[in-house]
Amino acid sequence: MSTVYALLFIVATIVLVVGLARKIAQYAKTPAPLKIPTTPAPVTKTGVVLRMFREVVFFESLFKGTKWTWIFSWMFHMGLFLVLLRHVRYFIEPVWLPIELIQPIGKYAAFAMVVGLLGLLARRVFVDRVRYISAPSDYLWLLLLIVIGASGIMMTFVLHPDVVMVKDFFTGIWTFSGGQLPMDPVLLIHLSMVALLMLLLPFSKLLHIPGIFFSPSRNQVDNPREQRHLVEWAKKLEES
Amino acid sequence: MAKAEFKTPELKEIIEVPKLEVGTMSHITCFVAKPDHNQALGFPGEKVENWQDAAIAKMGDLLSRYRSFQVYLDACVKCGACTDKCHYYLGSKDPNNMPVGRQDLLRRVYRRYFTFAGKYFPKLVGAVDLTDEVLDQWYSYFHQCSQCRRCSVFCPYGIDTAEISMAAREIMDSIGVGQKYCNEIIGKVHKIGNNLGLPGPAIADTLEGLEEDVYDDTEVAVKYPLDVKGADILLVTPSADFFAEPHVDGLIGYGKVFHEAGVSWTLSTKASEAGNFGMFIGSYENMRRVSLRIREAALELGVKRIVFGECGHAWRIAYSFLNTLAGPFDFLDPDYPVPQHICEFTWGEIQKGTFEFDKSENDDMSITFHDSCNVARASRMGPTPGGQFEIPRNVIKAVVNNYHDMEWDTIHERTFCCGGGGGLLTDDLMEVRVKGALPRMTAFKNVMEEKGVTHLAAICAICKSQFTKVFPYYGFDMFQIVSVHQLVSNAIVLNRKTAPEDAPGYGEDDDDDE
């Protein structure tokens, strides 16, 4: 069984990394022929970096848009971020100091994450406009993440599986030294769902993660009068 | 097509987010372009035989050429932030008029043909085949988007439905299913030089008439020159400015401003149109062809600067795209931005103290300003972000005594479209236009009741025409819409009794544009 999980995570990691790399390459390769920043927009590169920072860290546009969605999604994303950082401890030895330091907050961040997800699910179910635009996959993503979060909380606060064994297993995968996974059902569910998420991410709406960095309405400098913007295929039109 | 019967939405005290009602606008369709309209733009005359394959191939082509299209189709998480932001949804309750609803009409097809999940699990991710029914929905709902970008302000990924609707229209054009209104107009520009199809002599006549009117009114010989070689400034303005009300009052204002500033300027028959409907149909090639007329006119006339008149989408293309499409403009005076907006010009002169104004000339009005969507969210004026909001207001406040803004969430970057932009300013889409105007009408009514405002000033030819038409539906008077430079025109005191054109040296290479 441990071998099956080891293989699963190896495959999931490869799919995630290669799949994401291909999409990022596609986004980077596709030209943006016209200047289309949503204005008012920054007039310098530094300004764009700041705009992107506010967007990625604080969800600035969403904050302008819908306060409830902003609260829930910010709780979820920031919770997830802390939880992911906390999980680094299962892959390295010795554990870095910053990771040690966030351990206490990281444990409780899981609650913020799950509460955020439940809020988002509630909006999807109860707001008629959001319900209308939801496909089955939109609900399933939320459920998947809730299962991951809830099973994680169970293990942290109630079941306490042998995390030293888990850590040996994961460090074993990437050092090829082998290792056994504790046969704890909640742990196995948790890990299966995480692997599923990794496998599906590059083929799903979770592409908003790389996508935001390539969004021309957010990442372009507002300087079209000062600097001529011309992509390759447009240049060819001028030559013909 | 029978003239559609519809009910004008009721004005409430606030802009309400309605409960959705499926299909309230599914009957909407606009006149289809005739074969020669399409062919003049390089599209097939009629719907091609293998239209499904051709449409999917075109979609693939656009995905490889436009990063916005590719990223926006992938990135949407259906968070719902945009769902209550579109004026057409607010006015019609139709969920396909929610920005994400509109995008999904196309995204579903993208997923079916271009993504792993959509190819193998279509039901799971809501992917559908491109059928006749889907194409009909595209034609209907992608002509209910004014490409105003309000949704893109609130989207956490900046997804801009305008980009999707432009792509959808380009795909439809590529299979011979074009919209008559836009394609016929673009054809007129290619052939004659402006959207209205006015030949040079008609423009010359109009301008002569304006000179006489202004002289009768002020006893000052203000000139409205056409095709004058060696003038310093080429003014490019929407052709509606030559005829329509209140547009023409704005044109009169530009002339007075140039006169009083003592600069030499000219209009051009070749570039007698600032508007460029090539953007509305998403066609880079047509947009470029239209833009090149301005470059050619500037070269032929030997001007030093280009200034654009009051027109929203024209300013987006002028400010954001002109340098790309028809640049570089290294033959113009590098001391001035290329191009400049007439409001930038006027505000610059006001700051220099060039003009004397008698604000009391506008005392019969109390003004509010409508930020036109393309100016607000797709361009800039002046050196700093947000100048597109401040400069027109500064100009207005310099010439009127009574000014009040509408509510904060209906102006600046959150401004509501007039309801007629993006190629919808046609009578066959009247129902869409009237319903889409609801949020703006609500905000206007409120500022009238609360602040005693009487008139709405705008810097966009489409906004002006649209408001003239839809005001009566909401119980307002069609003359309550005014041009910003009409207000300038009313207040400006003409101290320069001789037209600069009559001064010696006009047309020569002089530097009187300080």
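Residues numbered from 1 in each chain as written. Chains lettered and ligands numbered in written order. Predicted model: local features only at pLDDT ≥ 70, side-chain atom pairs only at ≥ 80, totals over all residues.

1. What about the overall build of chain A?
For chain A, the helix and strand inventory stands at twelve helices and zero strands. The N-to-C order of helical and strand elements in chain A reads α-α-α-α-α-α-α-α-α-α-α-α. Seen through its C-alpha atoms, chain A measures out along the principal axes to roughly 65 × 45 × 40 Å. Residues counted as buried form 32% of the 240 residues belonging to chain A. (Helix = DSSP H or I, 4+ residues; strand = E, 2+ residues; numbered from the N terminus. Buried ≥ 20, exposed ≤ 12 C-beta atoms within 10 Å, placed from the backbone.)

2. Points about the packing of helix α3 (residues 67-75) of chain B against helix α10 (residues 161-174) of chain B
All names here are of chain B. Interaxial distance between α3 and α10 falls to 10 Å at its minimum, and their mutual angle equals 115°. For the element pair α3 / α10, the angle class is roughly perpendicular. The crossing of α3 and α10 is left-handed. Counting all contacts with α3, which are made through S68, F69 and Y72, the residues of α10 involved are E163, I164 and A167. Counted by class, the contact of α3 with α10 contains four nonpolar, one polar and one charged residues. (Axes fitted to C-alpha atoms, helices over the stretch in contact; angles between N-to-C directions. Parallel < 35°, antiparallel > 145°, perpendicular 65-115°, else oblique. Left-handed = near helix turned anticlockwise from the far one by under 90°. Contact = placed C-beta atoms within 7 Å. Nonpolar A, V, L, I, M, F, W, Y, C, P; charged D, E, K, R; others polar.)

3. Side note on the pairing of strand β1 (residues 233-236) of chain B
All names here are of chain B. Residues I233 and L235 line one face of β1 and the alternating positions L234 and V236 line the opposite face, and both faces are buried. Where β1 meets strand β3 (residues 305-308), four bridges bridge the pair, whose relative direction is parallel. Residue pairing for β3: I233 is matched across the bridge by R305. (Pairing = 2+ DSSP bridges.)

4. A few points about the domain arrangement of chain B
All names here are of chain B. With domains assigned, chain B is organised as domain 1 (35-186) and domain 2 (192-404 + 453-502). Between the C-alpha centres of domain 1 and domain 2 the distance comes to 33 Å. Among the secondary structure elements, those contributing two or more residues to the side of domain 1 that touches domain 2 are α9 (150-154), α10 and α11 (180-191). A total of five residues in the side of domain 1 that touches domain 2 trace back to one element, the largest contributor, which is α10. Tallied by class, residues from the side of domain 1 that touches domain 2 come to eight nonpolar, two polar and five charged. (Domains from an automatic or database assignment.)

5. Focus: the interface of chain A and chain B
The interface of chain A with chain B comprises 56 residues on the first partner and 58 residues on the second. Among the elements of the structure, α1 (2-29), α3 (60-65), α4 (67-87), α6 (128-132), α7 (136-159), α10 (208-211), α11 (216-219) and α12 (232-239) of chain A are those that each provide at least two residues to the side of chain A that touches chain B.

6. Observations regarding the nonpolar core
In this structure, B:I233, B:L234, B:F308, B:I396, B:A457 and B:L487 are the most contacted members of the largest nonpolar core, which totals 169 residues. Element by element, the count of residues in this core is highest for helix α15 (residues 312-326) of chain B, at nine residues. Look past the residues within four positions of B:I233 in its chain and what remains in contact with it is B:F258, B:V263, B:W265, B:V303, B:R305 and B:V307. Membership of the second largest hydrophobic core comes to 17 residues, among which are A:L80, A:A110, A:V114 and A:L117. (Core = buried A, V, L, I, M, F, W, Y, C linked by C-beta atoms within 7 Å.)

7. Considering unusual backbone geometry
Keep in mind that most residues, glycine aside, have a negative phi and that most peptide bonds are trans. Residues A:E93 and A:P94 are joined by a peptide bond in cis, for which omega reads 0°. With respect to the element layout, A:P94 can be found in the loop between α4 and α5 (97-126). A cis amide bond, omega 0°, links B:E245 with the succeeding residue B:P246. Within the fold, B:P246 resides in the loop between β1 and α13 (247-261). Phi angles above zero are rare outside glycine, and B:K78 is one such case at about 60°. For B:K78, the position within the fold is in the loop between α3 and α4 (87-92). C-beta crowding within 10 Å serves as the criterion here: with 21 such atoms nearby, B:K78 is assigned to the buried category. Even without being glycine, B:E219 reaches a positive phi, approximately 60°.

8. Here's the deal with the sheet that holds strand β5 (residues 367-369) of chain B
Residue and element names in this part refer to chain B. In space, the three strands of this open sheet follow the order β5-β6-β7, with parallel pairing throughout. Since the sheet does not close on itself, it has two edges, and those belong to β5 and β7 (481-483), each with one partner. Strand after strand, the sheet turns through a mean of 40° between neighbouring axes, direction not considered. Bridge count between β5 and strand β6 (residues 455-458): three bridges; the pairing is parallel.

9. Re the environment of B:L11
Residue and element names in this part refer to chain B. Note that L11 resides in the segment before α1 (35-39). Measuring from C-alpha to C-alpha, the distance between L11 and E212 comes to 43 Å, with 201 residues separating the pair along the chain. Those residues in contact with L11, other than ones at most four positions away along the chain, are M441, T442, K445 and Y474.

10. Thoughts on the environment of B:V17
Along the chain, B:V17 turns up in the segment before α1. When residues no more than four places from it in sequence are discounted, the contact partners of B:V17 are B:D84 and B:L90.

11. Focus: the confidence of the model for chain B
All names here are of chain B. This prediction gives chain B a mean pLDDT of 95; 96% of its residues lie at or above 70. Contacts from residues 503-514, a stretch scored under 50 in pLDDT, to residues over four places away or in other chains number 16 contacts. The ipTM value of the predicted complex is 0.96, and its pTM value is 0.95. (pLDDT = per-residue confidence, 0-100.)

12. Brief notes about the sheet that holds β3(B)
All names here are of chain B. Here we have four strands laid out as an open sheet, ordered β2-β1-β3-β4, and parallel in their pairing. This sheet does not close on itself; its edge strands, each paired only once, are β2 (265-266) and β4 (340-341). Looking at chain direction, β3 and β4 are connected through two bridges and run parallel. From the neighbouring strand, F308 faces β4, where its bridge partner is H341.

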